[in-house]
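# Overview (structure and organization)
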Amino acid sequence: QKEVEQNSGPLSVPEGAIASLNCTYSDRVSQSFFWYRQYSGKSPELIMSIYSNGDKEDGRFTAQLNKASQYVSLLIRDSQPSDSATYLCAVGPPPGGGADGLTFGKGTHLIIQP
Amino acid sequence: NAGVTQTPKFRILKIGQSMTLQCTQDMNHNYMYWYRQDPGMGLKLIYYSVGAGITDKGEVPNGYNVSRSTTEDFPLRLELAAPSQTSVYFCASRSMARGHNSPLHFGNGTRLTVT
């Protein structure tokens, strides 16, 4: 059974600081990794995807992937109150693993304190 | 493009009633999915489809049925509603641009309460 683990939080970060969100996954051969943001009562919204080891930057967001450690993280620089949300880590199927969607963690609730 | 559209947004059912949650997408995606999300429990896959006429069970299929007669539509059927089916339901789709590594695009969800 594929597993994706996240600390549920809440993670409280002062406005303007860096928020660091972490995720571990169980299937060593997974190749695709995603971060979704979900505001309360809304649907998940894709904010980052990463497929190779290392860092990927997009504006204030940086995704980091370490396949050897089975670890993926999301950094949010210059955190804003509007970043307060639940962040879902999702992992794609392994090669040849079929089309059965993504496996999601339970999410980390992030609170940015003004 | 509207993306993924779900109806209704909210519904209250009595135990034993049936209903169909509608989902349609206009992105010409082959892959479509139904997830349910319970508080603190993350997203669980109910059913998925890789194309018209092809469906398969996910992690929590019991109590649900699906059909896929067209590329655009993927309705989810609840035959005998039970309180355990109280949840938020999300339909999602994705392209084959990166094969099985493409991200999911979600609809706005249906909040279902069974009493």
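In short, a report on the structure. (Residues numbered from 1 in each chain as written. Chains lettered and ligands numbered in written order. Predicted model: local features only at pLDDT ≥ 70, side-chain atom pairs only at ≥ 80, totals over all residues. Heavy atoms only, no water.)

### Considering the sheet that holds strand S3 (residues 19–25) of chain A
Residues and elements named next belong to chain A. Across the sheet, 5 strands lie side by side as S1-S3-S8-S7-S6; this open sheet has antiparallel pairing. Two strands in the sheet have a free side with no partner beyond their single neighbour: strand S1 (4–5) and strand S6 (54–58). Strand direction decides the pairing type here: S6 and strand S7 (residues 61–66), joined by 5 bridges, are antiparallel. Counted as the bridge partner of Lys56 is Ala63 from S7. (Pairing = 2+ DSSP bridges. Helix = DSSP H or I, 4+ residues; strand = E, 2+ residues; numbered from the N terminus.)

### What to know about the interface of chain B and chain A
The interface is formed by 24 residues belonging to chain B together with 22 residues belonging to chain A. Between chain B and chain A lies a buried interface of about 1800 Å² when both sides are counted; carbon and sulfur atoms form 58% of it. The interface formed by chain B and chain A contains 0 salt bridges. Put simply, chain B and chain A have 4 residue pairs in polar contact (both at pLDDT 80 or more) between them. Elements supplying a minimum of two residues to the side of chain B that touches chain A: strand S4 (31–38), strand S5 (42–51) and strand S9 (87–94) of chain B. Among the residues forming the side of chain B that touches chain A, the class breakdown is 12 nonpolar, 8 polar and 4 charged. (Contact = heavy atoms within 4.5 Å. Buried area = accessible area lost by both parts, 1.4 Å probe. Salt bridge = Lys/Arg side-chain N within 4 Å of Asp/Glu carboxyl O. Polar contact = N/O pair within 3.5 Å; in protein donor to acceptor, adjacent residues only side chain to side chain. Nonpolar A, V, L, I, M, F, W, Y, C, P; charged D, E, K, R; others polar.)

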